Amino acid sequence: AYHYMALANIYHALGFMEMLDLYGEIPYTNALNPAAVNPSYDNGQTIFNGIIAKLDEAIELLGKTQTAGATPLKDGDLVKVLMTTVSCLATTKPTT
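The rules we used
- Residues numbered from 1 in each chain as written.
- Predicted model: local features only at pLDDT ≥ 70, side-chain atom pairs only at ≥ 80, totals over all residues.
- Heavy atoms only, no water.
- Helix = DSSP H or I, 4+ residues; strand = E, 2+ residues; numbered from the N terminus.
- Buried < 20%, exposed > 50% of the residue type's maximum accessible area, 1.4 Å probe, protein only.
- Lys, Arg positive; Asp, Glu negative; His and termini not counted.
- Salt bridge = Lys/Arg side-chain N within 4 Å of Asp/Glu carboxyl O.
- Polar contact = N/O pair within 3.5 Å; in protein donor to acceptor, adjacent residues only side chain to side chain.
- Contact = heavy atoms within 4.5 Å.
- Phe/Tyr/Trp six-rings, centres within 6.5 Å; stacked < 30°, edge-to-face > 60°.
- Expected span 1.5 Å × (residues − 1).

**Q** Requested: an account of the side chain of Asp42, with residues and values cited.
**A** When you line up the elements, Asp42 lands in the loop between helix H1 (2–23) and helix H2 (44–62). Buried charge Asp42 goes without a salt bridge, the closest partner of opposite sign being Lys54 at 13 Å. Of the polar contacts made by the side chain of Asp42, one reaches the backbone nitrogen of Tyr28; its length is 2.8 Å. Beyond its immediate chain neighbours, meaning those up to four positions away, Asp42 contacts Glu25, Ile26, Pro27, Tyr28, Thr29 and Ile47.

Here you go:
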């Protein structure tokens, strides 16, 4: 299930990257905390650092061997997934 966890991190990063580009400052550190009824806004650098951390974690998870019996990704082509992740990492830019 490591590879699916990696995909979740990639989609998380892509979603927040898109929102950062569209809206600038948005809630990030407390955005997914259900207890934070009115989460504070984070600056672009904080969000950017979080995105980079998620993509780095995804790359690490893609390098792990799936456990026995885990359903492989479609076509099992991890190279394409890894290339997409690295491409996202290379094209991210900090927003102030």
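**Q** Provide a residue-level description of the packing of aromatic side chains, including the pertinent values.
**A** Here the structure, examined in full by the defined rule, presents one aromatic pair. Ring plane angle 90° and centroid distance 4.8 Å describe the contact between Phe16 and Tyr28, whose orientation is recorded as edge-to-face. Pair noted here: Phe16 is in helix H1 and Tyr28 is in the loop between H1 and H2, with a separation of 12 residues, a long-range link. Using a relative accessible area of 8% as the deciding quantity, one classes Phe16 as buried.

**Q** A description of H2 should follow, citing residues and the corresponding values.
**A** A rise of 1.5 Å per residue sets the reference length of H2, with its 19 residues, at 27 Å; its end C-alpha atoms lie 27 Å apart and thus fit the reference within 8%. One side-chain oxygen at the N-terminal end of H2 lies 3.2 Å from the backbone nitrogen of Gln45; it belongs to Asn43.

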